[in-house]
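# Analysis of the macromolecular model
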Amino acid sequence: PHTGPLAGKKILITAGPTHEPIDPVRYIANRSSGKQGYAIAASAAEAGADVTLISGPVDLDDPVGVRVIRVESARDMLAQVDAALPVDIAIFAAAVADWRVANAGEQKIKKTASGMPPLQLVENPDILATISKHQQNRPQLVIGFAAETQNLIENATSKLKRKGCDWIVANDVSPASGVMGGDRNTVHILTRDKADIAVDSWPVMTKEEVADALVAKIASTIGQQNS
Ligand code: C5P
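Residues numbered from 1 in each chain as written. Predicted model: local features only at pLDDT ≥ 70, side-chain atom pairs only at ≥ 80, totals over all residues. Heavy atoms only, no water.

## Remarks on the packing of aromatic side chains
Selection rule: In this analysis, rings of Phe, Tyr and Trp, with Trp reduced to its six-membered ring, are considered paired at centre separations within 6.5 Å, and the interplanar angle assigns stacked below 30 degrees, edge-to-face beyond 60, and tilted for intermediate values. We count a charge as sitting over a ring when the NZ of a lysine or the CZ of an arginine lies within 6 Å of the ring centre and within 35 degrees of the ring normal.
One pass over the full model with this rule turns up zero aromatic pairs. The ring of Trp167 carries Lys217 above its face, with NZ or CZ at 5.4 Å from the centroid.

As structure tokens, this is what we get:
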């Protein structure tokens with residue numbers, strides 16, 4: 001039996017990029033190391049939660065005490081998220097590709113003299129929005145991320161409303177920030193209580209420290225809601 005502030009809670013976390021095939025040897029992806037999502041999974045497990053981590057392709061070891069399910073594409077990720085429900089808390093840290101190739105080839109596309117192959121893109125499902133709007137199985141607390149290179153709070157606020165989640169962890173990922181692939185992160189936590197949105201800006205921390213602080217905030221919120 002687990003002990004700790006999140007004992008008895010089921011948490012689902014997505015992390016890493018998704019890979020969308022162009023053909024058997026090529027893909028489209030986002031830049032994402034998976035470090036922040038993996039750190040949150042490790043912190044949540046340490047806090048006693050029952051953690052399922054649904055991860056795109058990353059170069060990281062499985063966190064201790066966490067059930068890890070590896071996927072490639074956005075559609076695979078959504079299917080595994082759906083299969084993991086119901087959970088108490090869901091945290092969507094993955095950098096999901098917005099589009100996939102509609103006409104992905106079953107064979108390697110060859111170079112030809114007649115020019116470059118046209119790639120037709122179609123929109124991927126939005127996993128965070130889908131789960132936030134779930135009728136039966138919506139988790140008690142749904143947390144999304146907003147990685148932006150400009151107008152951070154403004155973009156994060158509209159994302160919070162549009163996607164229907166409860167919190168957004170907003171971080172500046174402009175190249176100058178060094179967040180991408182790095183070990184540190186500066187985040188702002190946007191929380192929504194009906195129409196009111198509050199912003200809590202945290203100082204620069206390591207990704208592990210951000211994970212511990214986020215898990216502590218979740219534990220105190222869930223504890224209050226259940227008491
Ligand atoms: O890509 P975007 O800025 O919209 O991502 C914001 C949040 O939505 C993140 O939490 C991300 O994991 C989630 N997301 C998702 N499925 C998508 C796109 C984004 O779950 N297709």
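## Considering the sheet that holds strand 5 (residues 67-70)
Our working definition: A pair of strands counts as paired when DSSP detects no fewer than two bridges linking them. The numbering of helices and of strands both runs from the N terminus, where a helix is a DSSP run of H or I of at least 4 residues and a strand a run of E of at least 2. Every axis in this analysis is a line fitted to C-alpha atoms, fitted for helices over the stretch in contact. Angles between the N-to-C directions lie between 0 and 180 degrees. Residues count as neighbours in contact if any of their non-hydrogen atoms are within 4.5 Å of one another.
Pairing within the open sheet is mixed, and its eight strands lie in the order 5-4-1-6-9-10-12-13. With one partner strand each, in any of the chains shown, strand 5 and strand 13 (196-201) form the two edges of the open sheet. On average, each strand axis in the sheet is tilted by 15° relative to the strand beside it, whichever way the strands run. Note: strand 1 (residues 10-15) against strand 4 (residues 50-55), six bridges, orientation parallel. Bridge pairing in strand 4 places Ile13 opposite Leu53. Set on the sheet, helix 1 (residues 35-46) makes contact with strand 1, strand 4, strand 5, strand 6 (89-92) and strand 9 (141-148); between it and strand 4 the angle comes to about 165°.

## Observations regarding the site of the ligand
This is how the line gets drawn: Residues are labelled near a given molecule or strand when at least one of their non-hydrogen atoms is within 4 Å of it. Here a polar contact is recorded for every N or O atom pair within 3.5 Å, except that within protein the pair must consist of a potential hydrogen donor and a potential acceptor, and residues adjacent in sequence are included only if both atoms are side-chain atoms. The classification used treats Ala, Val, Leu, Ile, Met, Phe, Trp, Tyr, Cys and Pro as nonpolar, Asp, Glu, Lys and Arg as charged, and all other residues, Gly among them, as polar.
Lining the immediate environment of the ligand, one finds Phe92, Ala94, Val96, Pro125, Asp126, Ile127, Leu128, Gly144, Phe145, Lys159 and Lys163. Pro125 is positioned with one of its backbone polar atoms (N or O) 2.8 Å from a nitrogen atom of the ligand. For the ligand, an oxygen atom lies 2.7 Å from a polar atom in the side chain of Lys163. Every element with two or more residues in the shell around the ligand is listed here: helix 3 (127-132), strand 9 and helix 4 (152-163). Residues that form the shell around the ligand fall into these classes: seven nonpolar, one polar and three charged.

## Comments concerning a nonpolar patch on the surface
For the record, the criterion: Residues form patches when they are more than 30% accessible in relative terms and have no salt bridge. Like charges link within 9 Å. Nonpolar side chains (Val, Leu, Ile, Met, Phe, Trp, Tyr) link within 5 Å. Computed with a 1.4 Å probe, the accessible areas rest on the Shrake-Rupley method; for each residue, only the protein chains presented here act as cover. What counts as a salt bridge is simple: a side-chain nitrogen of Lys or Arg found within 4 Å of a carboxyl oxygen of Asp or Glu. Per-residue accessibility, obtained with a 1.4 Å probe over protein chains only, is compared with the maximum for each type, and a residue is labelled buried under 20%, exposed over 50%, and partly exposed between these values.
A cluster of nonpolar residues, Trp99, Leu119 and Leu121, forms a patch on the protein surface that exposes about 300 Å² of accessible area. A residue is classified by how much of its surface remains accessible, and Trp99, at 48% relative accessible area, is partly exposed.

## Examining the nonpolar core
A general tendency of soluble globular proteins is for nonpolar side chains to be buried together. Selection criterion: Only buried residues count toward a nonpolar core. Its members are Ala, Val, Leu, Ile, Met, Phe, Trp, Tyr and Cys residues joined through side-chain atoms within 4.5 Å.
Leu6, Ile11, Ile13, Val51, Ile91, Leu214 and Ile218 are the most contacted members of the largest nonpolar core, which totals 35 residues. For this core, the secondary-structure elements that each account for two or more residues are strand 1, helix 1, strand 4, strand 6, strand 9, strand 10 (167-172), strand 12 (187-193) and helix 5 (207-226). Among the elements that line this core, the one with the most residues is helix 5, at seven residues.

## Considerations on unusual backbone geometry
For the peptide bond that leads from Leu85 to Pro86, omega is 0°, which places it in the cis range. Along the chain, the position of Pro86 falls in the loop between helix 2 (74-84) and strand 6. If you check the backbone angles, Asn151 has positive phi at about 45° while not being a glycine. Of note, Asn151 is situated in the loop between strand 9 and helix 4.

## Here's the deal with the side chain of Asn171
Within the secondary structure, Asn171 is located in strand 10. Excluding residues within four positions of it along the chain, Asn171 makes contact with Ala146, Ala147, Glu148, Leu152, Val179, Asn185, Thr186 and Val187.

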